[in-house]
Amino acid sequence: MSNKLVIGMFGFGVVGQGLYDIIKTKDLNLEIKKFVIKNQDKKRSLPSSLFTTDANAVLQDPEINTVVELIDDADAAYDITVKALKAGKNVVSANKKMLANNLESLVNIQHETGSSLLYEGSVCGSIPIIRNLEEYYDNELLHSVSGIFNGSSNYILSKVFNEGQSYDDALKQAQDYGFAETDPTLDVGGYDPKFKLAIVAYHAYGLYVNPDKILNIGIDKLGDADVKFAKEKNLKIKLLPLAKEVDGNQIVLYVLPKFVPKESILYAVENENNGVLVRAAFADEQFFYGKGAGGHPTGSAVLSDITALRYGYKYEYKKHLVDKPVEYTTHYQLRVYLRFSDESLLEKVNFDNIEERYSSKDFNYIIGQISLKEIIEKKELIDQQGVFIAQMD
Ligand code: HSE
């Protein structure tokens, strides 16, 4: 027999409404008792008695055994999650920023309280990657986990590359569809996929790295010249997070745009779709594909967590508890394309080797080898207007 879930839900935005649409169609032995929202005056599609602005109406209601947290504000989401776990309630969250910034303490609180926190919807929308990393790849040596983790950036890149749309129009559409974060810099600046990468690293390798320490450079400095350069070489540019094992127990993590050839499975991942590419010692290469943003796809992942709670499911974080933990490293060489306008940049950023250099009146680039550590140290110089960096194979 499954446990009856009585739910208190925080937030009724794109994902909350998507989740509600799905729940309505099923008989799931669950009840949503209260929605906590910010603005009581907003017109809602459900009876106003279901809505409150008082968080305690959920957190202090002993009948509510499950909190579903789908709000934007990461600090408020953390506060709600901690209070709910400490009150003995299970929590489902899709807030990648809140999770990535606080994973270690949230794991400790779960161990102390015995409550369960699930967050499949926080990484790559509808793609069930967390539970797979946690359960299916429990004993596999994972060489790498990478892919397309941000629907909005991928949507923009698809529209720019395939339909010749302007970057700004494509971003506006991604916002209109509800794919983008309230602050879209989180998407196009590579922060959102970085938060997802930090969560993935925890479940793939048992490694916690504070997102502040992980490099993220996004697609917001992409220019027409970069698109033309890629097209001439039959390449596309995709925004790719990477978690990769090097030298046995060291893990490299970063988010960078990358030139992707036709032969790559990621080349065909378009619009708001995401793709997760897992390279493992024995299973070899596996690919997960699906919608990475939007109310219904993300709502379906949230619902999967809710229904898993009916049977008492918890993440066990086994990889985090192993005797020989892995370490984070930034000692890693990358081959990159760097477009710039001011030559003096090359005196300030140290390349280990420059293999190609092109200069014309309005388009200058180099291709060369640089360490991840150097990109992190010179991020302000590299991630600025007039400069675009992308990794090359
Ligand atoms: N803004 C996110 C994206 C939503 O575009 O992928 C899903 O996490």
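Residues numbered from 1 in each chain as written. Predicted model: local features only at pLDDT ≥ 70, side-chain atom pairs only at ≥ 80, totals over all residues. Heavy atoms only, no water.

Per an unreviewed UniProt entry, the protein goes by Homoserine dehydrogenase and derives from Candidatus Sphingobacterium stercoripullorum. Database annotation for the protein, UniProt heading Catalytic activity (unreviewed entry): "L-homoserine + NADP(+) = L-aspartate 4-semialdehyde + NADPH + H(+)". (UniProt positions renumbered as here; feature names shortened; annotations may be inferred.)

Undergrad: I'd love a proper account of the UniProt feature "domain: Aspartate/homoserine dehydrogenase NAD-binding" (unreviewed entry) in the protein, names of residues and values included.
TA: Per the UniProt annotation, the sites labelled "domain: Aspartate/homoserine dehydrogenase NAD-binding" (unreviewed entry) are residues 11-120. As annotated, residues 11-120 has a helix share of 42% and a strand share of 17%, and its two end C-alpha atoms lie 17 Å apart. (Helix = DSSP H or I, 4+ residues; strand = E, 2+ residues; numbered from the N terminus.)

Undergrad: Outline the pattern of salt bridges, supporting the account with residue identities and numerical values.
TA: Counting across every chain of the model gives 26 salt bridges. Note that E270 and K236 form a salt bridge whose closest N and O atoms lie 2.5 Å from each other. With E270 in the loop between β10 (250-261) and β11 (273-280) and K236 in strand β9 (residues 235-246), this pair connects stretches of sequence that are 34 residues apart. K236 matches E270 in its accessibility class, with the two residues each being buried. E355 is the partner of R335 in a salt bridge, and the nearest nitrogen-oxygen pair spans 2.6 Å. Within this pair, whereas R335 is found in strand β14 (residues 333-340), its partner E355 is found in strand β15 (residues 353-359), the two being separated by 20 residues in sequence. Shared partners join several salt bridges into a network, and the residues in it are K96, E181, D192 and K196. (Salt bridge = Lys/Arg side-chain N within 4 Å of Asp/Glu carboxyl O. Buried < 20%, exposed > 50% of the residue type's maximum accessible area, 1.4 Å probe, protein only.)

Undergrad: Describe in detail the pairing of strand β5 (residues 90-93), supporting the description with residues and values.
TA: Two elements, strand β4 (residues 66-69) and β5, share four bridges in a ladder whose sense is parallel. Counted as the bridge partner of T66 is N90 from β5. Handedness of the crossover joining β4 and β5 through helix α3 (residues 74-86): right-handed. At this point the chain moves from β5, through helix α4 (residues 96-113), to the parallel strand β6 (residues 117-118), and the crossover so formed is right-handed. (Pairing = 2+ DSSP bridges. Right-handed = clockwise from strand over helix to strand, strands pointing away.)

Undergrad: Could you give me a rundown of the pairing of β15, with the residues and numbers involved?
TA: In terms of strand pairing, β15 meets strand β16 (residues 364-371) through six bridges, oriented antiparallel. Residue Y358 lies in a different strand from β16, and its bridge partner there is Y365. Joining the antiparallel neighbours β15 and β16 is a turn of four residues.

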